[in-house]
Every structure is written in structure tokens, then in C-alpha cells.
Amino acid sequence: RIRGVCERSRTPRIMTCTSRDLGIAIASVLATLLYVRLDVGGMPRTVLGRPKARGERAFLLIVTLHFPEPSRSAALLEAWRAAADYCIEREPFLYAYEVAQSDKDPRNYTILERYRSKHDYLGAHRKSSAFAAFRPQMRAMQKEGAVLVGGSSYVETGIGFT
């Protein structure tokens, strides 16, 4: 028996355990450290367990939406949801596809699309049935003045992390 880890003895603050107990304790600590600290490439994880990544140099499309009449956003957001449902299942090159509402003005939204490359965006994504369904809805709303659209595209520098 190894003294110092598991069962309390009569002497205060001294514990004893079997080598099996010690092995389980060590394996548990190592597994926890690996889960919390490492993923492929040794990067740490977020509190949700997602690995953090560096150097992906993804292509970003950032679009701003302003709805002069807030109630008009519901239709476009529902169309976005349908596109997102398609993309999460069928576009592995699409790292992020999210819409966020401003916490200061509920009429303002920002869309973030994060692709492995510009080629993936211009090719497979823009040729998808999801894009073909969503884009005309947004264009129609733009033409009638229900939504004002802005934005730009970017390539990550790889300096930070995602």
C-alpha cells in the first residue's frame, strides 16, 4: 500500500491507498488536463469545450442590416434560419454562419460568415440551394426599402485566434 493519497489512517492528515487507486487518480488527472488544455495542435479550449484555433486565415463576409421598421426583420431572419440549417449540414468549409442583433438598436443586425477560403464562398456556397433561396428574398426587401444592407469582405491575418 502507498501512503498519502486515499484512505484515512489513525494519524491525522495521512492517507493510504492501493497502487490501483493511485493509478486511477493519476489517469483521471491526466484525462482532465488533456480535455481542458489540448486539442489537435495543442491549443486550449473555450469553456464550452470548443478548441481555439490560430492561423486559419479564413475568408470573412461581414454584412450589416438595418430595418427601418423592426417588424420587417422576422421574415428575413426566418429565411436566414433555413439557410443556416442547410449550411450546418452540407458546408464543412463554412466555419461560422451567424446573425447578431445589436444590443443598442434592435433594428440593426450584423451577419458574420466565415469560410475556409474566398473560393469556397464564391463557388460551392453561392451555388447552393440555400443561397438561391435566401438571396432573392433579401434583394426584394432591399428594393422595397425594408432593409438597408452594407458590409465588406476580409481575410483574417492569423494573429489572433478563433
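From a predicted model like this one, the values you see are computed outputs, not experimental measurements. Numbers given to residues run from 1 along each chain, matching the order in which its sequence is written. Only residues with pLDDT of at least 70 are given local features in this predicted model, and only at 80 or more are side-chain atom pairs given and counted; all residues enter the totals for whole chains, interfaces and linings. In computing side-chain values, all of the structure's heavy atoms are included and hydrogens and water are not.

1. A closer look at the packing of aromatic side chains
Aromatic pairs are defined between Phe, Tyr and Trp rings, using the six-membered ring for Trp, whenever the two ring centres lie within 6.5 Å; interplanar angles under 30 degrees are classed as stacked, those over 60 as edge-to-face, and all others as tilted. Taken as a whole, this structure holds 5 aromatic pairs when the rule is applied. Aromatic pair Phe67 and Tyr109: ring centres 5.6 Å apart, planes at 90°, arrangement edge-to-face. Here Phe67, found in the loop between β3 (59-66) and α2 (73-90), pairs with Tyr109, found in strand β5 (residues 108-115); they are 42 residues apart in sequence, far enough to count as distant. Like Tyr109, Phe67 is buried. When the centroid spacing of 5.2 Å and the interplanar angle of 55° are considered together, the rings of Tyr115 and Tyr121 count as tilted. For each residue, the accessible area found with a 1.4 Å probe, counting protein chains only, is set against the maximum for its type, and the residue is called buried under 20%, exposed over 50%, and partly exposed in between. Classification of Tyr115 as buried rests on a relative accessible area of 0%. Clustering of aromatic rings is evident, with ring pairs tying together Phe59, Tyr115 and Tyr121. By the criteria applied, helices consist of DSSP H or I runs no shorter than four residues and strands consist of E runs no shorter than two, each listed in order from the N terminus.

2. Points about the sheet that holds strand β6 (residues 148-155)
The criterion for strand pairing is that DSSP finds at least two bridges linking the strands in question. Strand order across the open sheet formed by 4 strands is β4-β5-β3-β6, with antiparallel pairing between neighbours. Each of the sheet's edge strands pairs with one partner strand only, and the pair in question is β4 (94-101) and β6. The average undirected angle you get between the axes of adjacent strands in this sheet is 10°. By the bridge criterion, 8 bridges tie β3 to β5 in an arrangement that is antiparallel. Residue pairing in the sheet places Leu65 in a bridge with Tyr109 of β5. In what follows, a contact means two residues having at least one pair of non-hydrogen atoms within 4.5 Å. Fitted lines through C-alpha atoms give the axes, limited to the stretch in contact for helices. The angle between two N-to-C directions lies from 0 to 180 degrees. Sheet strands in contact with helix α3 (residues 118-125) are β3, β4 and β5, and its direction is about 100° off that of β5.

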